[in-house]
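Listed below, chain by chain, are the residues.
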Amino acid sequence: MSDQQTTSDNHPAEQVFRGIGASKGIAIGAAYLFVKDTIEKSTEKLAPGQTKHEIDKFLCALQRSEKELKKIERVTTQKLGQAYSELFQAQIMLLHDQVLIDSVTHRIRDELKPAQQAIEEEFDNYLEHFNTSSELLFQERAQDLVDIKNRIIRSLHNQKGQSKIPEGMIIVSTCLSPADIILFSRTSVKGFVTETGGITSHISLICKSLNIPIIVGLSNFTPKIATGDPLIIDGGSGTAIIHPSEKTFMQFRDKIAEESRMEAAACKLASTPAVTKCGIRLHFYSNIDVKEEIPSIRAAGAEGVGLFRSENLFIDSTKPPKETEQTEYYREMAKALNPDPLVIRLFDIGGDKLIYSPISEPNPNLGWRGIRILIDVPEILDSQLIALLKANRWGNIQILLPMISSLDEIISIRNSLEKHIAALDKPGVRIEKPELGAMIEIPAAVEIIDEITTAVDFISIGTNDLTQYTLAVDRNNEIVQDLFDKFHPAIIRQIHKIISTACANNCRVSLCGDMGSDPLALPFLVGCGLKVFSVVSADIPQLKSLARCFTVEETRELVKECLSQPTASKIKARLKKFQADHFPEPLSSYSSDK
């Protein structure tokens, strides 16, 4: 999507494009159009005497590819720790896969096919069910296989992928691999724009960890831009601006400076408690994807982890991690956080998240996902529950159930948990029973919120999926992005109902969706009775600072007004007025409208 504005004769027209913001931050600089070289393949059959030479070339290409990947693995470990380096370890393992080696060798020796053709045909077999899947994330994972296929082919022709560019550029490409992101990050790259990818793709997760802004899913963008073109990208809103006008340039430059100033001021208060103007204590926790994030959440002022997305342990494959691996992983996290809480969401797989199997569904977001998979495939559930119990040595692990739509699901998981506690409870072995919570992210759960909040120890509101399911809008679909609005009257009324019911039933309630990070929503949520937030670590200092700007009584009046409004635009107008009246003036630039 793009908007083009008129301009003077000596300045190209400003063009505004909107994709999917996958890693926050603003970058201003020159574009670098990164076009990957393609190598023409030969389809002529080999002479029988050529097959040994061609097989040797293939095996040497595997060795060269492994050498390259090990280098990238070392760089990744230095920058991000072990978690993401395992992605490249998985690719290295594939290079040693005997089935792959034998199949390619067979095509060369018995079918007399050139090595490149044999490699491409074999990888096409792997990729077919990935690319034809209706699962967005399954399609994204296909890019990882394409990356290693291309790496082998480049090595086959003694070519190396481009890893160096001029300093301080914004890279624009049709598609990028995790290796591209890691290698380009060494040249002080300012940001990335890709035509493909999604918010859960590896490149998005890596950019978040590196604090580099990225816009993904900006289709047909590369033909509009050339290397050297002035470019602004906003990784929060997904906006890309080519040839920004002087006015636009100044606005974004001022926004960066103001955000840096406000962030520095807020960070001074990061370690202090979050207290409203009237003295009510709020609590802020972090949402994290990997254990390597734990040291940084302390600096941001987090009081613990309110959401660990355990499905990211599937990062290398579609197979669940072993129980022993999970136990060690969870134990390290719990120990590092002790005595602060660690809320671990059970594997939330399927739908627009990670996949467990290549099953094809007409509408995966309304299909086999989340708690349904865990109940239907007990070996996955049992392995994770046992690992969590074994890791809970310090008693600070809490278990969160994804995609709850009925009490039966909660009862089923609680029964499984009790069964494993009984089996592990032996003389000399102390088992700390974790608290059990439910994600509220389906309208059905909102309708039975009274029953749910009496059946669990705590609940956590997932505003992203709640908005998606309530409004029937796929949050990853750029065509209907404008309809995805967390301030829709139906959404804010549901949130009010959830929080007030939980408080009435003395059930602890938190919110872990993107709404919790929005300064515009903060006073509304506090007015509903919310005191526990789980957000991106970088947002905590600012939110703590803003909490000091209003009283709870003021926010309760705000809630009454918002609940009576018939449209999202009127609700946002009221929230913006409250913000203007209570928050420092520059903060109007922080709030999102979605």
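All values derive from a computational prediction rather than experimental measurement. (Residues numbered from 1 in each chain as written. Predicted model: local features only at pLDDT ≥ 70, side-chain atom pairs only at ≥ 80, totals over all residues. Heavy atoms only, no water.)

**With respect to the side chain of Thr194**
Argument step 1. By secondary structure assignment, the location of Thr194 is in strand 6 (residues 191-194).
Argument step 2. At a separation of 2.5 Å, a polar atom in the side chain of Thr194 contacts the main-chain carbonyl oxygen of Thr196.
Argument step 3. Excluding residues that lie within four positions of it along the chain, Thr194 makes contacts with Ser173, Thr174, Leu176, Ile203, Ile215, Val216, Gly217 and Leu218. (Helix = DSSP H or I, 4+ residues; strand = E, 2+ residues; numbered from the N terminus. Polar contact = N/O pair within 3.5 Å; in protein donor to acceptor, adjacent residues only side chain to side chain. Contact = heavy atoms within 4.5 Å.)

**Regarding a positive patch on the surface**
Argument step 1. There is a patch of like positive charges on the surface, built from Lys67, Lys71, Arg74, Lys79, Lys160, Lys164 and Arg186.
Argument step 2. Locating Lys79 in the fold gives a position in helix 1 (residues 51-80). (Patch = residues over 30% accessible without salt bridge, like charges linked within 9 Å, V, L, I, M, F, W, Y side chains within 5 Å. Areas by Shrake-Rupley, 256 points an atom, 1.4 Å probe, with all protein chains shown as cover. Salt bridge = Lys/Arg side-chain N within 4 Å of Asp/Glu carboxyl O. Lys, Arg positive; Asp, Glu negative; His and termini not counted. Charge placed at Lys NZ, Arg CZ, Asp CG, Glu CD.)

**Describing the pattern of salt bridges**
Argument step 1. As enumerated under the stated definition, the model contains 28 salt bridges in all.
Argument step 2. Of the charged contacts, one joins Glu54 and Lys57 as a salt bridge, the two residues approaching to 3.9 Å between their closest N and O atoms. On the criterion of helical spacing, the pair formed by Glu54 and Lys57 is a turn pair, its members being three residues apart in helix 1.
Argument step 3. Since its relative accessible area comes to 10%, Glu54 is described here as buried.
Argument step 4. Judged by relative accessible area, Lys57 falls into the partly exposed class, the value being 26%.
Argument step 5. Within the structure, one salt-bridge network assembled from shared partners comprises Arg107, Glu111, Lys113, Glu121 and Glu122. (Buried < 20%, exposed > 50% of the residue type's maximum accessible area, 1.4 Å probe, protein only.)

**Quick look at helix 7 (residues 202-210)**
Owing to its 3.6 residues per turn, the α-helix aligns residues three or four sequence positions apart on the same side.
Argument step 1. Counting buried residues along helix 7, seven of its nine residues qualify, which places the element largely inside the surrounding structure.
Argument step 2. Buried within helix 7 we find His202, Ile203, Ser204, Leu205, Ile206, Cys207 and Leu210.

**Considering the packing of helix 10 (residues 323-337) against helix 12 (residues 378-391)**
Argument step 1. Orientation of helix 10 relative to helix 12, taken along the N-to-C sense of each, is 40 degrees, at an axis distance of 8 Å. By the angle class used here, helix 10 and helix 12 are oblique. For the pair helix 10 and helix 12, the sense of crossing is right-handed. Contacts from Glu323, Gln326, Thr327, Tyr330, Arg331 and Ala334 in helix 10 reach Ser383, Gln384, Ile386, Ala387, Leu388, Lys390 and Ala391 in helix 12. (Axes fitted to C-alpha atoms, helices over the stretch in contact; angles between N-to-C directions. Parallel < 35°, antiparallel > 145°, perpendicular 65-115°, else oblique. Left-handed = near helix turned anticlockwise from the far one by under 90°.)

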